[in-house]
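Examining the three-dimensional arrangement
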Amino acid sequence: MGGTFAGVSSAEMLAASRRNGASGVWLTLESWGLDGTTLLAALGVFLLFGLVRPWGQVFPRWTLVLAGRRVPRWLPLTPALIGAAMLAPYGLIGTGYTALATAGVVPVRRGDFHSSSDVLLVSWIGFGAFALYGGALILAARAYWLRTRPLCRAELPVDRPEGRPA
């Protein structure tokens, strides 16, 4: 939105995106001050909420045609499991590499940043966020998986008349 982060202004970020061959949609978003990764993160948060809130099991009213129908179990679990399998390891490995870079064990390439400390700042925030989000996806997907699994007939509650032995 016109500010700077880690020493890089929005104009420099837009120029770097152009230079690195970003798509027209990405460049348009960047020119409006919207980072595409922020929008993707918002979708990820929506997925997390869908895994833990009731509207993740039954479509809410605002979905119009689908309202009141059960959400197919695979619909939120597929992106959650794929995302968890990719993001958690990526974040953990990246955080480990960033720790080694901070300690001076491995080199830090500056890339589009002005200094190595700027690269480390962005790396700690980015890789830490990926690791935490990947872990949150694992936990939320497991909870959803358990909450929505089909029950065996033996597990279903049975209405028994009063006074009759089970």
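Residues numbered from 1 in each chain as written. Predicted model: local features only at pLDDT ≥ 70, side-chain atom pairs only at ≥ 80, totals over all residues. Heavy atoms only, no water.

**Notes on unusual backbone geometry**
Threshold: Numbering of helices and strands starts at the N terminus; helices are DSSP runs of H or I of at least 4 residues and strands are runs of E of at least 2.
With a phi close to 55 degrees, L64 is a non-glycine residue in the positive phi region. For L64, the location among the structural elements is in the loop between helix 3 (36-52) and helix 4 (74-102).

**Observations regarding a nonpolar patch on the surface**
Definition in use: Put simply, a patch holds well-exposed residues, over 30% relative accessible area, that have no salt bridge, with like charges counted together within 9 Å and Val, Leu, Ile, Met, Phe, Trp or Tyr side chains within 5 Å. For accessible areas, the Shrake-Rupley method is used with a probe of radius 1.4 Å. Any residue's cover is judged against the shown protein chains and nothing else. Here a salt bridge means any side-chain nitrogen of Lys or Arg lying within 4 Å of a carboxyl oxygen belonging to Asp or Glu. Accessibility here uses a 1.4 Å probe with only protein chains present; expressed as a share of the type maximum, an area under 20% marks a residue as buried, one over 50% as exposed, and anything in between as partly exposed.
Together, F5, L121 and I125 give the surface a local cluster of nonpolar side chains, amounting to about 270 Å² of exposed area. Summarising the element assignment, I125 is placed in helix 5 (residues 116-148). Residue classification places I125 among the partly exposed positions, given a relative accessible area of 45%.

**Observations regarding the packing of aromatic side chains**
Note the following rule: Ring pairs are drawn from Phe, Tyr and Trp, using the six-membered ring of Trp, whenever the two centres fall within 6.5 Å, and their geometry is named by plane angle: stacked under 30 degrees, edge-to-face over 60, tilted for the rest. To sit over a ring, a charge needs its Lys NZ or Arg CZ within 6 Å of the ring centre and within 35 degrees of the ring normal.
Taken as a whole and judged by the stated rule, the model has four aromatic pairs. Taking 5.2 Å as the distance between ring centres and 75 degrees as the angle between the ring planes, the aromatic pair formed by Y90 and F130 counts as edge-to-face. Here Y90, found in helix 4, pairs with F130, found in helix 5; they are 40 residues apart in sequence, far enough to count as distant. On the basis of relative accessibility, which here comes to 45%, the residue Y90 falls in the partly exposed class. F130 gets classed as partly exposed once you look at its relative accessible area, which sits at 34%. The aromatic ring of W145 is capped on one face by R73, whose charged end is 4.7 Å from the ring centroid.

**Points about helix 4**
Spelled out, the test is: The span you would expect from a helix comes to 1.5 Å times its residue count less one. The contact criterion used throughout is that any non-hydrogen atoms of two residues lie within 4.5 Å.
The first and last C-alpha atoms of helix 4 sit 41 Å apart over 29 residues, in line with the 42 Å expected at 1.5 Å per residue. Those residues of helix 4 not exposed but buried are P76, L77, A80, G83, A84, A88, G91, G94, T98 and A101. Contact partners of the buried residues in helix 4: helix 3 and helix 5. Within two residues after helix 4, G104 carries a phi angle of roughly 85 degrees, on the positive side.

**Some remarks on the side chain of T148**
The topology assignment puts T148 in helix 5. On the basis of relative accessible area, T148 is assigned to the buried category, the value being 14%. Excluding anything up to four places from it in sequence, T148 contacts Q57 and R73.

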